[in-house]
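The primary structure of each chain is shown beneath.
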Amino acid sequence: MNIVLRNLCVVTSTRADYGLLYWLLKDIQNDSDLELQLIVTGMHLSPEFGLTYKVIEQDGFHIDAKVEMLLSSDTPVGITKSIGLAVIGFAEALDRLKPDVMVVLGDRYEILAAAQAAMVARIPIAHIAGGDTTEGAIDEAIRHSITKMSHLHFVTNKHSAKRVQQLGENPQNVFCVGSPGIDYIKGIKLLTSEELALSLEFNFRPKNLLITFHPVTLEDRSSQEQFAELLTALNSLGDSIGLIFTKPNSDTDGRIIIKMIDEFVASRSNTKAYTSLGQLRYLSTIAQVDAVVGNSSSGLYEVPSFNKPTVNIGDRQKGRLQAESVIQCGNNAEEIHNAIQHALKVNLINVQNPYGDGNSSKRIVDRLKSCSDYKSLLKKHFYEMGC
């Protein structure tokens, strides 16, 4: 008897979503009933952002398609053109691979392009982490757009589940599974402080901060202005505090922030910057520092699992569910400075992460396997709340 494997095509575009998808990829890869198809795109294929597709291959995954789409521009026009190139590339890749279902995560423009191509090709889409709100970025609209193109929804919390249903999605296809990023934290052996210091070539101080700041796309003050305020606040802390920077994604004005980081680090011995830490070093760094500062979703999703404070700057993550460990502040230097000082004193030993228990990937795979006919999901109707 011939066993027909079900082809699950997973898309990854950044080092961040790859870390969140890692255990899901492993679980699909190790399941005898499933065939993993993997498409990489975006920052993974860019020398400027570290050619991180090589890390994926080193982790034992076979890449079935590489969709080149990034232009050497982070202006709105350049990114819009990149989306167009991505749609073309995904159309070709999906036509060749012919997956039974495509699995995507999050709210990036590369994933929007993948969803558009799959929708037109009549390939069912399973979307992870829909229903969140981030009012300070275009990610908000992208995430909800992907939700409307998707057929199975794996959300991180009950509030997001409700929002997905408010968008007209059938509750029978909305599953609260938690954040798969916690799976990685639960399943990995972190580097010791000595191993991490050696790997980073960084001398940790008595107090240390991890800074991860991404461009803002809908706020009144520009990314450059906001990041300048952050640097002013960090400079006011003095050189006794170690500062570890991770560089931003390929979003609008990302290169401006990269340039500002490089200039700041060049003249300060207590600082170091990295294009990509990789998931192991990134999580190990969170475990060793005293606080995480910036506006990244990881400060809300993963950092609470380490009982470490997050200083969340501005409105980029506004509306997203937050643990008690998240310290919200405005985007001026004084507020940021005060929030950091508070973070360095707070006790968070009993903080609970509201994004789950670290078993998300298994729940997702089980649900994907329990669907007897993916194609039957394609014809959707708008589900009216209260019906």
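See the structure shown above.
Overview of the structure. Just so we're clear, the structure is a prediction, and the values are computed from it rather than from any experiment. (Residues numbered from 1 in each chain as written. Predicted model: local features only at pLDDT ≥ 70, side-chain atom pairs only at ≥ 80, totals over all residues. Heavy atoms only, no water.)

**Points about the nonpolar core**
Thinking step 1. Core analysis: the biggest nonpolar cluster contains 54 residues, and Ile-128, Phe-154 and Leu-368 have the highest contact counts within it.
Thinking step 2. Counting residues per element, this core draws most heavily on helix H1 (residues 15-29), at 7 residues.
Thinking step 3. Other than its neighbours up to four places away in sequence, Phe-154 contacts Ala-126, His-127, Ile-128, Ala-129, Gly-130, Phe-175, Val-177, Ile-364, Arg-367 and Leu-368.
Thinking step 4. Membership of the second largest hydrophobic core comes to 29 residues, among which are Ile-211, Phe-264, Ala-291 and Ile-327. (Core = buried A, V, L, I, M, F, W, Y, C linked by side-chain atoms within 4.5 Å. Buried < 20%, exposed > 50% of the residue type's maximum accessible area, 1.4 Å probe, protein only. Helix = DSSP H or I, 4+ residues; strand = E, 2+ residues; numbered from the N terminus. Contact = heavy atoms within 4.5 Å.)

**A few points about helix H6 (residues 158-166)**
Thinking step 1. By the burial criterion, the buried members of H6 are Ser-160, Ala-161, Val-164 and Gln-165. Relative to the axis of H6, the buried residues are bounded by an arc of 140 degrees and lie together on one face.
Thinking step 2. The opening residue of H6 is Asn-157, an N-cap whose side-chain oxygen sits 3.0 Å from the backbone nitrogen of His-159.
Thinking step 3. Just downstream of H6 lies Gly-168, where phi reads positive at about 95 degrees. (Arc of directions from axis to C-beta. Polar contact = N/O pair within 3.5 Å; in protein donor to acceptor, adjacent residues only side chain to side chain.)

**Quick notes on the pairing of strand S5 (residues 125-128)**
Thinking step 1. In S5, alternate side chains face the same way, and those of Ile-125 and His-127 on one face and Ala-126 and Ile-128 on the other are all buried.
Thinking step 2. Taken together, the 4 bridges between strand S4 (residues 101-105) and S5 define a ladder with parallel strand orientation. Bridged to Val-104 within S5 is His-127.
Thinking step 3. Once you follow S4 into helix H4 (residues 109-120) and on to S5, the crossover reads as right-handed. (Pairing = 2+ DSSP bridges. Right-handed = clockwise from strand over helix to strand, strands pointing away.)

**Details of unusual backbone geometry**
Thinking step 1. Phi at Lys-98 takes a positive value of approximately 50 degrees, unusual for a residue other than glycine.
Thinking step 2. Looking at the secondary structure, you find Lys-98 in the loop between helix H3 (76-97) and S4.
Thinking step 3. For Glu-201, which is not glycine, the phi dihedral falls at a positive 55 degrees.
Thinking step 4. By the element assignment, Glu-201 lies in the loop between helix H8 (193-200) and strand S8 (207-212).

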